[in-house]
There are 2 protein chains.
Amino acid sequence: MHYKKSIEVCLTPALLNLYDTKESVVVVIDILRATSSIVYGIDNGADAILPVAHVEDCLRYADKGFLLAAERNGEVVEGFDFGNSPFSYSSDKVKGRTVVLTTTNGTKALHMANAQSAQVVIGSFLNLKALCNWLKGQERDVLLLCAGWKDKFNLEDTLFAGAVVNELRKDFTRFCDSCVAAEDLYLLAKDDLRGYLHKSSHSHRLAELNIEEDVKFCLQLNICNAIPVLEGEALVPLTWVCI
Amino acid sequence: MHYKKSIEVCLTPALLNLYDTKESVVVVIDILRATSSIVYGIDNGADAILPVAHVEDCLRYADKGFLLAAERNGEVVEGFDFGNSPFSYSSDKVKGRTVVLTTTNGTKALHMANAQSAQVVIGSFLNLKALCNWLKGQERDVLLLCAGWKDKFNLEDTLFAGAVVNELRKDFTRFCDSCVAAEDLYLLAKDDLRGYLHKSSHSHRLAELNIEEDVKFCLQLNICNAIPVLEGEALVPLTWVCI
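Parameters and conventions
Along each chain, residue indices are assigned from 1 in the same order as the chain's sequence is written. Note on labels: chains are lettered from A, ligands numbered from 1, in written order. Reporting in this predicted model follows two pLDDT cut-offs: at least 70 for local features of residues, and 80 or more for side-chain atom pairs to be given and counted; totals over whole chains, interfaces and linings ignore these cut-offs and use all residues. The side-chain figures draw on all heavy atoms in the structure; neither hydrogens nor water molecules are used. UniProt positions are given in the numbering used here, feature names are shortened, and annotations may be inferred rather than shown by experiment. Under the scheme used here, helices are H or I runs from DSSP no shorter than 4 residues and strands are E runs no shorter than 2 residues, and both carry numbers assigned from the N terminus. The rule is simple: take the accessible area with a 1.4 Å probe, protein chains only, and divide by the maximum for that residue type; under 20% is buried, over 50% is exposed, in between is partly exposed. Under this rule, positive means Lys or Arg and negative means Asp or Glu; His and the chain ends count for nothing. When a carboxyl oxygen of Asp or Glu lies within 4 Å of a side-chain nitrogen of Lys or Arg, that pair is called a salt bridge. Counted as a polar contact is a pair of N or O atoms within 3.5 Å, where, for protein atoms, one must be capable of donating a hydrogen and the other of accepting one, and residues adjacent in sequence contribute only when both atoms are in side chains. Residues are treated as being in contact if the distance between any of their heavy atoms lies within 4.5 Å. Here, the term nonpolar core denotes a set of buried Ala, Val, Leu, Ile, Met, Phe, Trp, Tyr and Cys residues that are joined through side-chain atoms within 4.5 Å. Once two parts are put together, the accessible area they lose, assessed with a 1.4 Å probe and summed over both, is termed the buried area. Residues are grouped as follows: Ala, Val, Leu, Ile, Met, Phe, Trp, Tyr, Cys and Pro are nonpolar; Asp, Glu, Lys and Arg are charged; all remaining types, including Gly, are polar.

Chain A is annotated in an unreviewed UniProt entry as Probable 2-phosphosulfolactate phosphatase of Pedobacter hiemivivus. A UniProt comment under Cofactor (unreviewed entry) is attached to chain A, and it reads "Mg(2+)". Taken from UniProt, the Catalytic activity (unreviewed entry) comment for chain A reads in full: "(2R)-O-phospho-3-sulfolactate + H2O = (2R)-3-sulfolactate + phosphate".

Shown next as structure tokens:
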């Protein structure tokens, strides 16, 4: 019988220490909006995206010709080139450039994952199929790490984790309860992701920030083929051949 | 307009520090099987149930005429009167007695909640309606604390939290994403809770322990009116009058 790899969902970074990921691929998920923008930026030809923990860390790159992106509590930090709206990561802005990025939840989850796993890649609805096809070909267990909101559970990251579980169910074993919950919530929501997310707290927060267009953008499926992967401190395009 | 109290769901004790519960009622939930057995025991006339952290703590009560209950990883610890099977908490065994109890997840969640909240009560499907009717009458916010499995998310506790959210939705505000998720999972599962839980990891664990009858018992709705409440270190019956 073919060996089945395991897939697990970690619902917030605060639970990451409960999982042994030394030999696993960790997929970092921050749908609104960090990992969607990272996928879109790498797909549009950015050389690299450097996730850093603090706004001050971004500033250290100010005179190196990098684009500086900083978001806190959903807003662009004053004085920065942009925040994490995906529209800032279009080809005309990022092609051939390096972006230094700090966000409320996404970069924190990335650094935590980086410290304790075999490989870290970036997931979003934009590259769902490309990501899943690649994961199917890896001989590693997978942990889907939801960035959440300030260490609490959030719906949009969980729905995406559920979408991945649903794509991978034939190729992986999945016994963890959070996989079951994430997949069932995704199946409930998938025909109208935007409508479903109107129930969420983040949706209320984002409505106040007037970024409805960003949300719609981030919920598009499979418009990108890029899979950003963490190499050292930088997110770069993964190069692979589908067999 | 009538003031609406808030209701939140904390999916595992590892996330409890993210919630401010100083003024809240915390409902501790460990459906399989600690809080189901506690509700059943108090409903059957136990004077009190003393939750203690360690098996050794139980032993200190050995010569006081108390019943000693200890469960670890789903099994009765050798040498104890019983574990946390609800069938051990029947009237003929516990009426007029005090039970000292330690379990894998439930007592840990209870002690954490006790240290930081206004009031701690015990929830299970067995006393769902009585609990919800009482919560409706309190002028306090509510946190539903799932005991989970070794700090990870589990389905059965989340489903019960969802059942409470569903009962209380008209009387409380609920914006947290974990409320939305718990309620939707409950609505998906409610017509066949046992069938739904066959998807869960705990179900596999419990099947190995041969306690299918316990599981069926714990999924019965509204067979008890008792609401155990923590007074000092002991769980005792809450006395209240429905207005």
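1. Here's the deal with the side chain of B:Glu71
All names here are of chain B. Secondary-structure assignment places Glu 71 in strand β4 (residues 67–72). Of the side chains with opposite charge, Arg 33 comes closest to the buried, unpaired Glu 71, at an N-O distance of 4.8 Å. A distance of 2.9 Å separates the side chain of Glu 71 from the backbone nitrogen of Thr 104, its partner in a polar contact. In contact with Glu 71, not counting residues within four places along its chain, are Arg 33, Val 77, Gly 83, Asn 84, Thr 102, Thr 103 and Thr 104.

2. Some details on the nonpolar core
With 92 residues, the main nonpolar core has A:Leu144, A:Val164, B:Leu144 and B:Val164 as its most contacted residues. Dropping the residues within four chain positions of it, A:Leu144 is found in contact with A:Ile7, A:Glu8, A:Val9, A:Cys10, A:Val27, A:Ile29, A:Ala161, A:Val164 and A:Val165. Counting 66 residues, the second-largest nonpolar core is a separate cluster that includes A:Leu145, A:Ala147, B:Ala46 and B:Val94.

3. With respect to the interface of chain B and chain A
Interface size, as often reported, equals the accessible area lost upon joining of the parts. The interface of chain B with chain A comprises 28 residues on the first partner and 28 residues on the second. A per-residue breakdown of the area chain B buries against chain A is headed by B:Lys152, B:Phe153 and B:Asp177, which together make up 26% of the total. Across the contact surface, chain B and chain A share 2 salt bridges. In this structure, the salt-bridge partner of A:Lys152 is B:Glu8, at a minimum N-O distance of 3.7 Å. The tally of links between chain B and chain A comes to 4 residue pairs in polar contact (both at pLDDT 80 or more). Those elements that place two or more of their residues in the side of chain B that touches chain A are α6 (155–168), α7 (177–189) and α9 (201–209) of chain B. Tallied by class, the residues present in the side of chain B that touches chain A amount to 13 nonpolar, 7 polar and 8 charged.

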